[in-house]
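Each chain is listed here by its residues.
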Amino acid sequence: MITYNQESYIKQAIEGVLMQVCDFGVELIISDDNSNDTTKEIVSDIIKDHPNGHWIKYVKHSNNLGMIKNFLFSLNGAKGKYIALCEGDDYWTNPSKLQEQVDFMDINNDCSMCYHSVRHRYMTNNMVDRIVGPKSSVNIKYTSEEFIKNKYARTVSLLIRSSVFQKVPKWPLDSPIGDYPLQMLCALQGNIGYIGGEPMAVYRVGVSGSTNNGRFGTKEEQKRWMRKRLYNNKKSRDLFNENSDYKYHQIIKEQKQKFSFGMLDQGLTNFNRFEMLKLYKEYIPYPIKLERKYFRFWFRFLIGPKLFDSFKKKFNTTSANFKE
């Protein structure tokens, strides 16, 4: 568990781990990246007062390492057969989460990682929770290519075989984000399991200081957030493409295109047409298929997002009235 200035959330994150009921030992490594809030005091109280407080190994760095280096520090300290992840602003909600995931991995030795659905909790008043993950009540096993092509897991849901980290290549360390290369590293080393059923964790979206913070800020903050997201997505996928010997080149190309169109569609309310065309040229420079799924973006671009959304709202209302 990596953390930095998350005093408002760290207690819930820790307690989600300490409530686990399992037939194996658990060590919770908390790597504090030199927080200047009350995180240390909160952790100390939990170690002292919680029945499972002895599970915790707490380290506070004297200097700020940054997210990736802090994660690697905590990873190097892990000694178990499996490694589960939970950042300091997320939390687990099911006391049998670890047991279910470990049982699956023990049976499926060909899997390097497994994950489950999570509940997205938005830190804004106008957005409701949503569940993210395959809609399945049963466990699923994906091949490496299936996972690379169509799937993505939230970090809070991951359980990884520790052998994956015996020889970590350099390219994940060069990535501006950590979750994507981590999952691709796992996919290159085995199949990926999915634990079906209800969500077993909560992923907070829009926490101050997190990668999603700027998403709900001012217009300029949202623009900076979108530019950063576009760059991070392209850079991390290009690194994976190069270091997997372009085996999944077409898949990665389509992923970058899909992600970039999604971000640009979001950005239409903030960027003017000149800015939008500049971003389009930078992040979708290759020939594209005129697929129906991208028509929405072009219509919103041509007539403007406000007018498009107004037409869409009227159309949906008319359709609903017609059905009645």
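It should be noted that the structure appears before, not after, this text.
On a predicted model such as this, the values are computed, not experimentally measured, just so you know.

A. Region of the structure containing the sheet that holds strand β1 (residues 2-3). Taken in spatial order, the 3 strands make up an open sheet running β1-β2-β3, and their pairing is parallel. Taken across any chain shown, the strands that pair with only one partner, and hence form the sheet edges, are β1 and β3 (56-60). Here 5 bridges tie strand β2 (residues 28-32) to β3, and the two strands are oriented parallel to one another. Bridged to I30 within β3 is Y58. In the packing of helix α1 (residues 10-18) onto the sheet, contacts are made with β1, β2 and β3, and the angle to β2 comes to roughly 160°. Along the sheet, helix α2 (residues 39-49) makes contact with β1, β2 and β3, crossing β3 at roughly 160°.

B. Quick peek at the nonpolar core. Of all hydrophobic cores here, the largest spans 33 residues; its most connected members are M1, I14, L28, I30 and I56. For this core, the elements supplying multiple residues, two or more each, are α1, β2, α2, β3, α4 (97-107), β6 (111-116), β7 (118-122) and β12 (201-205). By residue number, the principal contributor to this core is α1, which donates 5 residues. Those residues in contact with M1, other than ones at most four positions away along the chain, are I10, A13, I14, V17, L28, I29, I30, S31, C86, E87 and G88. Grouped together as the second largest cluster of nonpolar side chains are 27 residues, F165, Y180, L239 and I252 included.

C. Focus on the sheet that holds strand β8 (residues 130-132). Reading across the sheet, the 4 strands line up as β5-β12-β7-β8 and stay open at both edges, with mixed pairing between neighbours. Two strands lie at the open edges of the sheet, namely β5 (91-92) and β8, each paired on one side alone. Bridge count between β5 and β12: 2 bridges; the pairing is antiparallel. Bridge pairing in β12 links W92 to A201.

D. Structural view of helix α11 (residues 295-303). Looking only at α11, the buried set comprises F297, R300 and F301. Angular distribution of buried residues about the axis of α11 spans 100°; they occupy a single face of the element. Immediately downstream of α11, the backbone of G304 shows phi near 95°, a positive value.

E. Examining the packing of aromatic side chains more closely. Following the criterion strictly, the structure yields 8 aromatic pairs and no others. Ring geometry for Y180 against F240: centres 6.1 Å apart, planes inclined by 85°, an arrangement best described as edge-to-face. A residue pair is termed long-range when its members are at least 10 positions apart, and Y180 in helix α7 (residues 179-187) and F240 in helix α8 (residues 219-243) qualify at 60 residues. Judged by relative accessible area, which is 2%, Y180 ranks as buried. Given a relative accessible area of 0%, F240 falls into the buried group. With a centroid separation of 6.1 Å and an interplanar angle of 65°, the aromatic rings of F261 and Y280 are classed as edge-to-face. Residue F261 is found in helix α9 (residues 249-267), and its partner Y280 is found in helix α10 (residues 273-283); the two are separated by 19 residues along the sequence. Linked through ring pairs, W171, Y180, F240 and Y248 together constitute an aromatic cluster. Taking the ring centre of Y203 as reference, the NZ or CZ of R154 above it sits at 4.3 Å.

Rules behind the numbers
- Residues numbered from 1 in each chain as written.
- Predicted model: local features only at pLDDT ≥ 70, side-chain atom pairs only at ≥ 80, totals over all residues.
- Heavy atoms only, no water.
- Pairing = 2+ DSSP bridges.
- Helix = DSSP H or I, 4+ residues; strand = E, 2+ residues; numbered from the N terminus.
- Contact = heavy atoms within 4.5 Å.
- Axes fitted to C-alpha atoms, helices over the stretch in contact; angles between N-to-C directions.
- Core = buried A, V, L, I, M, F, W, Y, C linked by side-chain atoms within 4.5 Å.
- Buried < 20%, exposed > 50% of the residue type's maximum accessible area, 1.4 Å probe, protein only.
- Arc of directions from axis to C-beta.
- Phe/Tyr/Trp six-rings, centres within 6.5 Å; stacked < 30°, edge-to-face > 60°.
- Lys NZ or Arg CZ within 6 Å of the ring centre and 35° of its normal.

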